[in-house]
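Residue strings, one per chain:
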Amino acid sequence: QTALNALLTAQDRSWIKETATPQAHASGVRLFALRARKADLSCDELAHGRREADGAPKALKGASGQGLTPAQISRASMFATEVSKELAAEMRRRRCKA
């Protein structure tokens, strides 16, 4: 909750362009923040978020030996797919270039 609040209240949103670790994908905090702030993000930030969400399942599968359970990987991958679709819909709504 604390990590999510920190991302949601960050004024510069520089965290969006930082590379996420598999553990960050598994926790879902970054994806929750992207989902919550999608209306406030620029087209460029939406594109970065979508690329992150699209790449999360592959990053998670590669991290299976790093303390993540198959259930965590599965849940996080499904959530990443859902967030990617929401960000893509927001991009279409605003007519952002992909």
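In case you missed it, the structure is sitting above this.
Residues numbered from 1 in each chain as written. Predicted model: local features only at pLDDT ≥ 70, side-chain atom pairs only at ≥ 80, totals over all residues. Heavy atoms only, no water.

Q: For this particular structure, what's the right way to read the packing of aromatic side chains?
A: Overall, the coordinates contain 1 aromatic pair when judged by the stated rule. Between Phe 32 and Phe 79, the aromatic rings sit 4.5 Å apart at their centres with planes inclined by 35 degrees, giving tilted as the arrangement. Here Phe 79 lies in helix α5 (residues 70–94) and Phe 32 lies in helix α3 (residues 29–37), a separation of 47 residues in the sequence. (Phe/Tyr/Trp six-rings, centres within 6.5 Å; stacked < 30°, edge-to-face > 60°. Helix = DSSP H or I, 4+ residues; strand = E, 2+ residues; numbered from the N terminus.)

Q: Is there a simple way to explain the state of the cysteines in this structure?
A: Throughout the structure, instances matching the rule amount to 1 disulfide. In this model, Cys 43 is linked to Cys 96 through a disulfide, with the two sulfur atoms separated by 2.0 Å. As the torsion about the S-S bond is roughly -65 degrees, the Cys 43-Cys 96 disulfide counts as left-handed. Residue Cys 43 is found in helix α4 (residues 43–61), and its partner Cys 96 is found in the segment after α5; the two are separated by 53 residues along the sequence. In this structure Cys 43 comes out as partly exposed when scored by relative accessible area, which is 31%. (Disulfide = S-S within 2.5 Å. Buried < 20%, exposed > 50% of the residue type's maximum accessible area, 1.4 Å probe, protein only.)

Q: Would you mind going over the side chain of Arg 30 with me for this structure?
A: With respect to the helices and strands, the residue Arg 30 is situated in helix α3. Separated by 2.7 Å, the side chains of Arg 30 and Glu 52 make a polar contact. Arg 30 has contacts with Leu 7, Trp 15, Ile 16, Glu 18, Ala 20, Ala 24 and Glu 52, leaving out every residue within four places of it along the chain. (Polar contact = N/O pair within 3.5 Å; in protein donor to acceptor, adjacent residues only side chain to side chain. Contact = heavy atoms within 4.5 Å.)

Q: Which parts of the structure should I look at to understand the pattern of salt bridges?
A: Oppositely charged side chains can form a pair if their charged atoms are brought close together. Taken as a whole and judged by the stated rule, the model has 10 salt bridges. Ionic pairing is found between Arg 13 and Glu 45, a salt bridge with its closest N-O pair at 3.0 Å. Taken as a pair, Arg 13 in the loop between α1 (2–9) and α2 (22–27) and Glu 45 in helix α4 lie far apart in primary sequence, 32 residues in all. On the basis of relative accessibility, which here comes to 11%, the residue Glu 45 falls in the buried class. A salt bridge links Asp 44 to Lys 17; the nearest nitrogen and oxygen atoms lie 2.8 Å apart. Of this pair, Asp 44 sits in helix α4 while Lys 17 is found in the loop between α1 and α2, placing the two residues 27 residues apart along the sequence. Its relative accessible area of 51% is what places Lys 17 among the exposed residues. (Salt bridge = Lys/Arg side-chain N within 4 Å of Asp/Glu carboxyl O.)

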